[in-house]
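Each chain is listed here by its residues.
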Amino acid sequence: MDYKHLSKRLHRAGEFVPEGSKLADIGSDHAYLPAYLVMNKKIISAIAGEVVEGPYQSAKNLVAELNLSSVIDVRKGDGLAVVDPKDDVTAVSICGMGGALIRDILDRGLKGNHLTGKETLILQPNIGEPTLRTWLVNHSYHIIQEDIIRENEKTYEIIVAEKVSEKVALSEKELLFGPLLLKQQGDVFLDKWQHELKQFHNILTQLEKSTKDVSDKIAEVEQKIEFVKEVLA
Ligand code: SAM
């Protein structure tokens, strides 16, 4: 992957960034996503945020090499702490991390007033999507788009959300599968859940062997199996 040839995963996430955005890409690594979007004139400007020195330097080097320092500001810091309301950011992308980590970044960002609520969130968790959806719902973010893609034997979900004045509640089933993915389905979605179903059965077998009281966990896994069976039926 480089800034000209994004991975399928990152390319798809980029497609959800609204035209003309002022983007904050958090956990930007080499700044490939903002560089690609600026070079393709999809966005006006970007902040590339990185907390780790090595990737931060890689991002700085790429931006300097491409002569993009006037439009991509590489900032070192934890999560959304690199963004100020004065930056007038209109979109935030957080890609390639676990759902719980993305949730924590958003949570700290909201509590620290780094998010204004005007930003479109483009989130690509590698795992832990229900955890992230739960946070979004609880903080009045409405999921407006979702997609699921497969690359190198891995499945990735992309969640796009916007702040709304009234919470839009989601059922347990929608939190698990994604409210829009549940409607869209498709081959990648069905393959993922067939695989997950096998995993849930394996987990259940292990739990049933446990000598501890794991009845709550068993009930939770059984519920998921029920949901998946309904969806695959
Ligand atoms: N976003 C890129 C992508 O999707 O290809 C890079 C993903 S890489 C696996 C995750 C990046 O997030 C790493 O460069 C890591 O240093 C950075 N990161 C992790 N936690 C972070 C945080 N709290 N704030 C900013 N960057 C973070």
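This text follows the structure it describes.
Residues numbered from 1 in each chain as written. Predicted model: local features only at pLDDT ≥ 70, side-chain atom pairs only at ≥ 80, totals over all residues. Heavy atoms only, no water.

**Q** Hey, could you run me through the overall build of the protein in this one?
**A** Helix and strand counts for the protein come out as 9 helices and 7 strands. The C-alpha radius of gyration of the protein comes to 19 Å, within 12% of the 17 Å expected for a compact globule of 233 residues. Taken over the C-alpha atoms alone, the protein extends approximately 60 × 40 × 35 Å along its principal axes. Within the span of the protein, comprising 233 residues, buried residues form 47% of the whole. At a minimum sequence separation of 6, the contacts of the protein that also span at least 24 residues come to 68%. For the protein, the accessible surface area stands at approximately 11900 Å², while carbon and sulfur atoms represent 49% of it. (Helix = DSSP H or I, 4+ residues; strand = E, 2+ residues; numbered from the N terminus. Rg over C-alpha atoms; globule rule 2.2 N^0.38 Å. Buried < 20%, exposed > 50% of the residue type's maximum accessible area, 1.4 Å probe, protein only. Contact = heavy atoms within 4.5 Å. Areas by Shrake-Rupley, 256 points an atom, 1.4 Å probe, with all protein chains shown as cover.)

**Q** What is the right way to read the packing of helix H8 (residues 187-209) against helix H9 (residues 215-232) from this model?
**A** The description of two packed helices rests on the angle between their axes and on the distance between the axes. Two elements in contact, H8 and H9, have axes whose closest approach is 9 Å; the angle formed by their N-to-C orientations is 155 degrees. By the criterion of interaxial angle, the relationship of H8 to H9 is roughly antiparallel. As H8 runs across H9, the sense of the crossing is left-handed. Taking contact as the criterion, the partners of Phe189, Leu190, Trp193, Gln194, Leu197, Phe200, His201, Ile203, Leu204, Leu207 and Glu208 in H8 are, on H9, Lys217, Ile218, Val221, Glu222, Lys224, Ile225, Val228, Lys229, Val231 and Leu232. Classifying every residue of the contact of H8 with H9 by side-chain character gives 14 nonpolar, 2 polar and 5 charged. (Axes fitted to C-alpha atoms, helices over the stretch in contact; angles between N-to-C directions. Parallel < 35°, antiparallel > 145°, perpendicular 65-115°, else oblique. Left-handed = near helix turned anticlockwise from the far one by under 90°. Nonpolar A, V, L, I, M, F, W, Y, C, P; charged D, E, K, R; others polar.)

**Q** Where do I start with the packing of aromatic side chains in this structure?
**A** Summed over all chains, the structure comprises 3 aromatic pairs. With a centroid separation of 5.8 Å and 25 degrees between ring planes, the pair formed by Trp135 and Tyr141 is classed as stacked. Three or more aromatic residues joined by ring pairs form one cluster here, namely Phe177, Phe189 and Trp193. In this arrangement the basic side chain of Arg9 is found over the ring face of Tyr156, its NZ or CZ atom lying 5.7 Å from the centre. (Phe/Tyr/Trp six-rings, centres within 6.5 Å; stacked < 30°, edge-to-face > 60°. Lys NZ or Arg CZ within 6 Å of the ring centre and 35° of its normal.)

**Q** What is the right way to look at the nonpolar core in this model?
**A** Burial of nonpolar side chains together is a common tendency in soluble globular proteins. With 30 residues, the main nonpolar core has Val17, Leu23, Leu37, Ile43, Ile72, Val74 and Ile122 as its most contacted residues. Every element with two or more residues in this core is listed here: helix H1 (8-15), helix H2 (32-39), strand S2 (43-50), helix H3 (53-65), strand S3 (72-76), strand S4 (91-97) and strand S7 (154-163). It is H2 that contributes the most residues to this core, 6 residues altogether. Among all residues touching Ile43, those that are not within four sequence positions of it are Val17, Pro18, Gly20, Ser21, Leu23, Pro34, Leu37 and Val38. Residues Ile26, Val92, Tyr141 and Ile143 belong to the second largest nonpolar core, which totals 24 residues. (Core = buried A, V, L, I, M, F, W, Y, C linked by side-chain atoms within 4.5 Å.)

**Q** Please clarify how the pattern of salt bridges should be interpreted in this entry.
**A** One side chain can pair with another of opposite charge once the charged atoms of both are near each other. By the definition in use, this model includes 15 salt bridges. Across the pair Glu15 and Arg12 runs a salt bridge whose closest N-O atoms are separated by 2.5 Å. Of this pair, Glu15 and Arg12 are both found in helix H1, 3 residues apart, which corresponds to roughly one turn of the helix. Taking the relative accessible area as the measure of exposure, Arg12 reaches 25% and is therefore partly exposed. Lys76 serves as the salt-bridge partner of Glu53, at 2.7 Å between the closest nitrogen and oxygen. Taken as a pair, Glu53 in helix H3 and Lys76 in strand S3 lie far apart in primary sequence, 23 residues in all. Note on Glu53: relative accessible area 38%, which makes it partly exposed. (Salt bridge = Lys/Arg side-chain N within 4 Å of Asp/Glu carboxyl O.)

**Q** Mind showing me how you'd approach H2 here?
**A** Residue pairs three or four apart in sequence face the same way in an α-helix, which turns once every 3.6 residues. Of all 8 residues making up H2, 7 are buried, and the element is well covered by its neighbours. Listed as buried for H2 are Tyr32, Leu33, Pro34, Ala35, Tyr36, Leu37 and Val38. Residues of H2 that are buried make contact with H1, strand S1 (21-26), S2, H3, S3 and S4. Looking at the residues trailing H2, positive phi occurs at Lys41, about 55 degrees.

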